[in-house]
Amino acid sequence: TAEGRPGVAATLRALNGALGRSAPLWIKESGARNLRHRDFLAPRAALSAIFPNGQVPADVVAGVASLGGPGVLAVRGCQETPAGLVVQVQRPEAFRRLLGFLPGPAPAAGAQQRWIVLHCPALRDPVALRPRHLRPLLLADHMAQLLRAQGVSVHLVPALAKEGSQELLQQLRIDWPSSSGGLDLPDIVVALKQALGKSPYATGCEEGAGKAALPEDVICKVHLKNFVEQQGLVGYDPNLDVLLVTEGKLRSLAELQQAVLQCTVSYPVTLPGFLQTLFLSGSCCSIVHVVSCEEEFQQQQLDLLWRILDPRAHTALQKHLICGPVKVTNPSSPIGADQYFQLRKRQMYEASVMKYGELAQDESWTEVIDTLTVAAIRFEMLSTAHRSQITLDLEDSNISTKGTKSGAFVMYNCARLATLFGTYQQAVEQGTYPPLPPASELKYSCLREEGEWLLLFNYLLPFPEVLQQAAELPAATKGIRITASTETVCKFLIHLSMDFSSYYNRVHVLGEPFPHLFDQMFARLQLLGAVREVFHSALATLHLPPLSQI
């Protein structure tokens, strides 16, 4: 439609513009108590800073009250209160515009193609994966889904090598490539060795006394500290000094180089042409190393080695997204990631049997329990800011199976929606209810319950912007560390589940089959259908399929 899907950012821009300000001044309300009498607020303190005595001129208030336009929520009224300038929007109109316009905005056509390489060194660890390795892996997998939803091309590195890891990652629904494809890595290693031999920061590359003094598996040593000082680089560990370069380190760089090449050249490429491309072509590919705090030092070493061997733009765009420690309480011995998965699965099974009895022992529940286990682990790992420590209490099954902050709670509420619509469809087929009319024919003025506006205003309205913000990676920060809002989607789903559950427990959606009640029932079904779409889209970024039963 010409008026477009309304959004929070567009509405706030229009409200700020109406006060003659481009800087943020208005705030969107979200609490149920405040939403009873206002939707947006310009606080009194902020108004006092721009208007004499804090009094807003009548013509400005009138301008705010008449706001509208593409992407902007229509205003019902604007008035001054002790708290500041308050705005209420035209709620039936907001329901109509949002519920008749379900898909979020697609990435703009013709926008410049972006490529990002997400590198997760945890997969290079020679020992078995542990819970601390799962955190960066799950985070990188989630980030890849979010970025792709915004039209970004994502390459995941390194390719999976170990069969045991492949099986575990499949169980966790981590979609990770098992083959790097394209050019052979040995060809890239050859090119990197050639660059190493020419580098002023490398010593001991040639046969002789310097080479003989090095361990057998070391190709040469590189003076990282000299490079950092001469280039004026900031953000690196001051203890970085000399790096002993091995074949394994060059192979790690080769996989990264290969991923960058997949962004910039077409295959097949002959070796001479490839060697030229490797060090001469430009690049519009950025690299994010998703690493645990225990691996940060080693990744900084590789970062600098790559910058030394390939001084092009993409190596200068390397950023490090650091995950905080994962502390495991009550371990009888060091626990592997596979043991952690099996423990949570057993706890989920026992909790399901306790709640649903013999029903949960049926074979059809195997997939349900598998999905609930993955949801529990993903929410346990991803609902905390990535810089903060996570504590896993292995003996406390409540973390995984109970409470409003668990993945199981989110999946349970998603399944309640599936049951609702399944029940309605059955009733339609039996002739109890008529089919749902087109969205344009519904009477949205029937949606007057407090929880209905909460669901629309706090979840349906901002959802496309929530996904967009969750996928944002800072392009330029001082130093090499970046932060991302990787916990956003999990927290959004938790809060959505709490507010939906509260509403659903309070309101009987499928009422008696009397014609005079159908208008309200149809409007509520349209609203909850949109809520279901939001659940499904958000869960897809976590590789979690919606459940039809719990």
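In this text, all values refer to a predicted model and were calculated from it rather than measured experimentally.

Engineer: Before we go on, may I ask you to explain the packing of aromatic side chains in this structure?
Structural biologist: The geometry of an aromatic ring pair comes down to the distance between the two centres and the angle between the two planes. Taken as a whole and assessed by the stated rule, the structure comprises 11 aromatic pairs. On the basis of an interplanar angle of 70° and a centroid distance of 5.6 Å, the ring pair of Phe95 and Trp453 is categorised as edge-to-face. Note that Phe95 is positioned in helix 5 (residues 91-99) and Trp453 in helix 19 (residues 450-460), a separation of 358 residues in sequence. Judged by its relative accessible area of 1%, Phe95 falls in the buried class. When the ring of Tyr433 is compared with that of Phe518, the centres are 6.2 Å apart and the planes differ by 80°; the resulting orientation is edge-to-face. Highlighted residues: Tyr433 in the loop between helix 18 (407-429) and helix 19 and Phe518 in helix 22 (residues 515-540), separated in sequence by 85 residues. The exposure class of Tyr433 is buried, given its relative accessible area of 9%. Counting every residue linked through ring pairs, the aromatic cluster contains Phe40, Phe95, Trp453 and Phe457.

Engineer: Could you clarify how one ought to interpret the sheet that holds strand 7 (residues 202-203) in this entry?
Structural biologist: The pairing of strands in a sheet comes from backbone hydrogen bonds and takes either a parallel or an antiparallel form. Pairing within the open sheet is antiparallel, and its 3 strands lie in the order 7-8-9. Edge strands, defined here as strands with exactly one partner in the open sheet, are strand 7 and strand 9 (242-246). With 2 bridges connecting them, strand 7 and strand 8 (residues 218-223) associate as antiparallel partners. For Ala202, the partnering residue across the bridge sits in strand 8 and is Val222. Here helix 8 (residues 185-198) sits on the sheet and contacts strand 7, strand 8 and strand 9; the angle it forms with strand 8, its principal contact strand, is near 50°.

Engineer: Sorry if this is basic, but what is going on with the side chain of His133 here?
Structural biologist: Assignment of secondary structure puts His133 in helix 6 (residues 131-149). Setting aside residues no more than four positions away along its own chain, His133 makes contact with Ala122, Asp125, Ala128 and Glu295.

What counts, and where the lines are drawn
Residues numbered from 1 in each chain as written. Predicted model: local features only at pLDDT ≥ 70, side-chain atom pairs only at ≥ 80, totals over all residues. Heavy atoms only, no water. Phe/Tyr/Trp six-rings, centres within 6.5 Å; stacked < 30°, edge-to-face > 60°. Helix = DSSP H or I, 4+ residues; strand = E, 2+ residues; numbered from the N terminus. Buried < 20%, exposed > 50% of the residue type's maximum accessible area, 1.4 Å probe, protein only. Pairing = 2+ DSSP bridges. Contact = heavy atoms within 4.5 Å. Axes fitted to C-alpha atoms, helices over the stretch in contact; angles between N-to-C directions.

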